[in-house]
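Residues per chain are reported as follows:
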Amino acid sequence: VPGAVWLVRFTPAGVADPSFGPAGRVPVTVPAGTVVEHLTMGSDGRLTITGRADRDIVVIRLTPAGVPDGTFAGDGLAIIATGLPDEYVVTVRAATESPLGGMIIAATGLAEFADPQLFAGMVFQLTLAGAPDPSFGTAGRAVLPDDLATTITTFGGLTLFFTHEIALTFTSVGEGGEEAGVLRLTAGGEPDAAFGTGGVSRAINDAELANLGLGEMREGPAGSLVVAGYTATGFLLARLLADGTRDTGFGTGGFSVVPGDGCTSTGAELTGDEAGRFWVSHTRGCGVGGAEFARFLGTGYPDMTFGTNGYLSLHYNDVAPGAAPFSMGGGSLHFDASGGVVFGAGSRRWPHEGDETVDVVSWRLPGELAPAVVAHPANRTAVTGRTVSFVARAAGRPTPTVQWQTRAHAGAAWVAGPGATATTLTVRVAVTLHRRQYRAVFSNVLDTAESAAATLTVAATRADYTGDGRTDIAVYRPSTGTWYVRGADGFRYGVPGDVPVVGDFTGDAKADLTVFRPSTGDWHVRGLGVFRYGVRGDVPVPGDFTGDGRAEIAVYRPSTGTWYFRGIGAVRYGDRGDVPLTGDFTGDGRTDIAVYRPSRGLWLLRGIGLVQYGNRGDHPLVR
């Protein structure tokens, strides 16, 4: 069909899905000159096609049925103008769904015939509605470090952290030639200063890793990053710590290499299986082509039980003996419900007697497996009366059973919870559960495996000074600096002119007597100390922004619309005249920041979006 691309969907049995368009195929209209480069599927089944047309980036959003999504840019089509001059050629290198259902797209530009050649690296974020995300970088375009924005030649992979930071592998050029690295951006689209040097880590580079290229990544424990790559001799797997340094406890000095057969390979797809192992796949660059695979243990060392010392190479004739030659992609590696490894999705059979077909090849993981925990429960923080869920998963054959255990605190004896035999444990929060720990124990015929312990932190109910889980009736008398809590004695803590502040700064599930002294910018927290943080005119806006059960000291500066968080950093979110607001708008146990714009009755919720609710002169009831 002229001006269109075809999407084809298969059933698990490998036949065209009759519920997806005519005979499993859907034609999608694209702008003239579009080169399609990526297809992604969202968490709700929506499909997004990403590509390029001239120097613009084309983004097409479809419903699960393959119909243009009218909620995305009005007609399902968004165009991102890169602003690059005519001599550049743009290539979309990576694309993924953003946490709020929009898109994050990494692209490069190359002016190949310029002397010297010119390069450009770009990262964009679109909202769920298909518009540039104003909370990301500058008008939806990330701010890249100066030494990368004009030297990046390619992005090899893109991944999102649970906390919404973005990591990208890249190759850049400099005076010493090409060099690989990892770039981490904040959720706001700026270099993450806590990672590497100015958001860039080149720690994986090593003298013995010739022709290093980096590809896909996966988030590891404690904010670490597992990175796949390739070298002149084979496959690479490395792990970086949360600060961008090499994790020397992973593999040998932070990385391992599985030698290949000497054939030049490109790309590095990364997938983890239920047993906690890592699979890296490439497309071979020799002869007719084929697929190469390496398997690594969870510790980072090569899995010597797989193939030849961790390496396996497949030629098309290994998969379909006697068949006409066809290309085999080593990417799109995943695992089906029965544990079978499926690779090569989207490989194209070479034209043979007028036909072109798509081949999907699979083989099965052998034997029984002892339980291996693949998802550990996370610490949770919530106020009394809320419910929280702990989730754990394990792999194994036969499928492991699960039993949740709990203990009053770290060091106490574990006790099995009656009826707690599902992978998700839901708990209603009460004050008596503060610091209680939970873990899941998985068992099958071979062995038993225990998850890490997760701690429940009971956050203080707002203005709960007695720790009973209820908000107390209390007043502060500015003339004397005295706090009066109904049912308790008065406490003098403060002087005239102080601003009373509500928050649990000690993490004991009780609100602490706290005042902010505008004249000096000092915070006085009873029983904790005095902390200078703020200047005259700042507004105190404490909250549990990290989810650790303790309120952080923070101020909002109305003159610039900037939020300052003690020990964390600063972010600009608001304009002159806005009213700063805090609250857990996402329900994840962390305080979110927002502003209310009285002139328009508009709520701006950072990381969520805009909500029109209210009229001119209304007062927000969230503070």
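Scroll up to find the structure.
The sections below set out a description of the structure shown in this document. None of the values given here were measured: they were computed from a predicted structure. (Residues numbered from 1 in each chain as written. Predicted model: local features only at pLDDT ≥ 70, side-chain atom pairs only at ≥ 80, totals over all residues. Heavy atoms only, no water.)

Along its length, the protein carries two helices and 49 strands. A buried classification covers 46% of the 623 residues belonging to the protein. Total accessible area on the protein is roughly 29400 Å²; 54% of this is exposed by carbon and sulfur atoms. (Helix = DSSP H or I, 4+ residues; strand = E, 2+ residues; numbered from the N terminus. Buried < 20%, exposed > 50% of the residue type's maximum accessible area, 1.4 Å probe, protein only. Areas by Shrake-Rupley, 256 points an atom, 1.4 Å probe, with all protein chains shown as cover.)

Turning to unusual backbone geometry, a few remarks are in order. Between aspartate 115 and the following residue, proline 116, the backbone shows a cis peptide bond with an omega angle of 0 degrees. By secondary structure assignment, the location of proline 116 is in the loop between β8 (103-111) and β9 (118-126). For alanine 23, which is not glycine, the phi torsion reads 60 degrees and is therefore positive. Of note, alanine 23 is situated in the loop between β1 (4-8) and β2 (25-29). Taking the relative accessible area as the measure of exposure, alanine 23 reaches 57% and is therefore exposed. Phi is positive for alanine 73, close to 60 degrees, though the residue is something other than glycine. Along the chain, alanine 73 turns up in the loop between β5 (56-62) and β6 (77-81). Using a relative accessible area of 32% as the deciding quantity, one classes alanine 73 as partly exposed.

Note on placement: glutamine 612 falls in strand β49 (residues 609-612). Along the primary structure glutamine 612 and leucine 602 are separated by 10 residues, whereas in three dimensions their C-alpha atoms are 4.6 Å apart. Setting aside residues no more than four positions away along its own chain, glutamine 612 makes contact with Arg600, Gly601 and Leu602. Within the structure, the side chain of glutamine 612 is placed 2.4 Å from the backbone oxygen of arginine 600, a separation counted as a polar contact. A polar atom in the side chain of glutamine 612 sits 3.0 Å from the backbone oxygen of glycine 601. (Contact = heavy atoms within 4.5 Å. Polar contact = N/O pair within 3.5 Å; in protein donor to acceptor, adjacent residues only side chain to side chain.)

It is worth spelling out the packing of aromatic side chains at this point. Using the criterion set out here, one finds 10 aromatic pairs in the structure. Plain terms: the ring middles of phenylalanine 505 and tryptophan 523 are 6.3 Å apart, the flat faces sit at 65 degrees to each other, and that makes the pair edge-to-face. Remark: tryptophan 523 occurs in strand β40 (residues 522-525) and phenylalanine 505 occurs in the loop between β38 (499-501) and β39 (514-517); sequence separation between them is 18 residues. Since its relative accessible area comes to 0%, tryptophan 523 is described here as buried. (Phe/Tyr/Trp six-rings, centres within 6.5 Å; stacked < 30°, edge-to-face > 60°.)

Moving on to the side chain of serine 224. By secondary structure assignment, the location of serine 224 is in the loop between β14 (213-219) and β15 (225-230). In terms of polar contacts, serine 224 uses its side chain to reach the backbone carbonyl oxygen of proline 221, at 2.8 Å. When neighbours within four sequence positions are excluded, serine 224 is seen to be in contact with Phe161, Arg218, Glu219, Arg239, Leu240, Leu241 and Ala242.

So, on to the nonpolar core. Within soluble globular proteins, side chains that are nonpolar tend to cluster in buried spots. By size, the foremost hydrophobic cluster in this structure holds 19 residues, and its most contacted members are Val388, Phe390, Trp404, Val427, Tyr438 and Leu456. Put simply, the parts of the chain that give this core at least two residues each are β27 (387-391), β29 (401-407), β31 (424-428), β32 (436-443) and β34 (454-459). Counting 18 residues, the second largest nonpolar core, distinct from the first, contains Ala78, Ala111, Ala120 and Leu126. (Core = buried A, V, L, I, M, F, W, Y, C linked by side-chain atoms within 4.5 Å.)

The next point concerns the environment of alanine 375. For alanine 375, the position within the fold is in strand β25 (residues 369-375). Looking at alanine 375, the relative accessible area reads 14%, which means it is buried. Separated by 99 residues in the primary sequence, alanine 375 and glycine 276 have C-alpha atoms spaced 9.6 Å apart. In this structure alanine 375 touches Val391, Ala392 and Arg393, once residues within four positions along its chain are discounted.

With five bridges connecting them, β14 and β15 associate as antiparallel partners. Within β15, the residue paired with glycine 213 across the bridge is tyrosine 230. The turn linking β14 back onto β15 is made up of five residues, and alanine 222 within it adopts a positive phi angle of 55 degrees. (Pairing = 2+ DSSP bridges.)

Function cannot be inferred from these measures alone, as they are strictly geometric.
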